[in-house]
Amino acid sequence: QVQLVESGGGLVQAGGSLRLSCAASGRTFSNYAMGWFRQAPGKEREVVAAITWSGGSTYYRDSVKGRFTISRDNAKNTVYLQMNSLKPEDTAVYYCAADYTHYRASYVYTARHAYEYWGQGTQVTVSS
């Protein structure tokens, strides 16, 4: 049984930082890409960042480039999202997702349907 458990969300002022963590269990984490998505009230869930199995390739949506960093520690079965210079528009529920379909892919997928396992989400609120 695959489990993804996010942590690290909270309330922060604009310009502040948060680090999200996602601990994975139940499958061989190190062979598959991971992604972070977010969903704000009334909006579609959107990809924020993704990372290949090795960490050698990453993707960021334009609005977070230069502010967010995705990383992974395969020895700890954990993926991270370091979020700096947070803005009120970053407010959303953040979800960790696992692409356990594409074994050791050299690139990441950004579509939601490529990710078959999801965490429960963690709330990030940025006040102005």
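All of the points below concern the structure found in this document.

What counts and what doesn't
Residues numbered from 1 in each chain as written. Predicted model: local features only at pLDDT ≥ 70, side-chain atom pairs only at ≥ 80, totals over all residues. Heavy atoms only, no water. Helix = DSSP H or I, 4+ residues; strand = E, 2+ residues; numbered from the N terminus. Rg over C-alpha atoms; globule rule 2.2 N^0.38 Å. Buried < 20%, exposed > 50% of the residue type's maximum accessible area, 1.4 Å probe, protein only. Areas by Shrake-Rupley, 256 points an atom, 1.4 Å probe, with all protein chains shown as cover. Contact = heavy atoms within 4.5 Å. Pairing = 2+ DSSP bridges. Axes fitted to C-alpha atoms, helices over the stretch in contact; angles between N-to-C directions. Core = buried A, V, L, I, M, F, W, Y, C linked by side-chain atoms within 4.5 Å. Disulfide = S-S within 2.5 Å. Phe/Tyr/Trp six-rings, centres within 6.5 Å; stacked < 30°, edge-to-face > 60°.

Considerations on the overall build of the chain
Secondary structure assignment for the chain yields zero helices and 11 strands. Against the 2.2 N^0.38 benchmark of 14 Å for 128 residues, the chain shows a C-alpha radius of gyration of 14 Å, consistent with a compact globule. Across its three principal directions, the C-alpha atoms of the chain cover 40 × 30 × 25 Å. The buried share of the chain, taken over its 128 residues, is 45%. Here the chain has roughly 6,300 Å² of accessible surface; of this, 45% comes from carbon and sulfur atoms.

Looking at the side chain of Asn31
With respect to the element layout, Asn31 can be found in the loop between strand 3 (18-25) and strand 4 (33-39). The class of Asn31 is buried, set by a relative accessible area of 11%. Filtering out sequence-adjacent residues up to four positions away, Asn31 remains in contact with Trp53, His102, Tyr103 and Arg104.

Here's the deal with the sheet that holds strand 3
Pairing in this open sheet of four strands is antiparallel, and the strands run 1-3-8-7 from one edge to the other. In the strand order of this sheet, the two ends are held by strand 1 (3-7) and strand 7 (68-73), each with one partner. Neighbouring strand axes in the sheet, compared pairwise and without regard to direction, differ in orientation by 15° on average.

Concerning the environment of Cys96
Following the sequence through the fold, Cys96 ends up in strand 9 (residues 92-99). Overall, Cys96 belongs to the buried group, its relative accessible area being 0%. Residues Cys96 and Ile51, 45 residues apart in the sequence, show an inter-C-alpha distance of 11 Å. Look past the residues within four positions of Cys96 in its chain and what remains in contact with it is Leu4, Glu6, Cys22, Met34, Gly35, Trp36, Val79, Tyr117, Trp118 and Gly119.

Focus on the nonpolar core
Met34, Trp36, Val79, Leu81, Met83 and Tyr94 are the most contacted members of the largest nonpolar core, which totals 30 residues. At the level of elements, strand 3, strand 4, strand 5 (46-51), strand 7, strand 8 (78-83), strand 9 and strand 11 (122-127) are the ones that each hand at least two residues to this core. Not counting residues up to four positions away in its chain, the partners in contact with Val79 are Leu20, Ser21, Cys22, Phe29, Met34, Trp36, Ile51, Ile70, Ser71, Arg72 and Cys96. Counting eight residues, the second largest nonpolar core, distinct from the first, contains Ala33, Val47, Val108 and Ala114.

Things to note about the state of the cysteines
A complete count under the given rule lists one disulfide for this structure. The disulfide that involves Cys22 links it to Cys96, with 2.1 Å between the sulfurs. Taking the torsion about the sulfur-sulfur bond, which here is approximately -75°, the covalent link between Cys22 and Cys96 counts as left-handed. With a gap of 74 residues between them, Cys22 in strand 3 and Cys96 in strand 9 connect regions that are remote in the sequence. Here Cys22 and Cys96 have matching classes, each one buried.

Considerations on the packing of aromatic side chains
All chains considered together, the criterion is met by six aromatic pairs. Measuring from centroid to centroid gives 5.1 Å for Tyr32 and Tyr100, while their planes differ by 70°, and the two rings are edge-to-face. With Tyr32 in the loop between strand 3 and strand 4 and Tyr100 in the loop between strand 9 and strand 10 (117-118), the pair connects residues that are 68 residues apart, well separated along the chain. Of the two residues, Tyr32 and Tyr100, both sit in the buried class. Here the aromatic rings of Tyr100 and Tyr117 are separated by 5.7 Å at their centres, their planes lie at 55°, and the arrangement is tilted.

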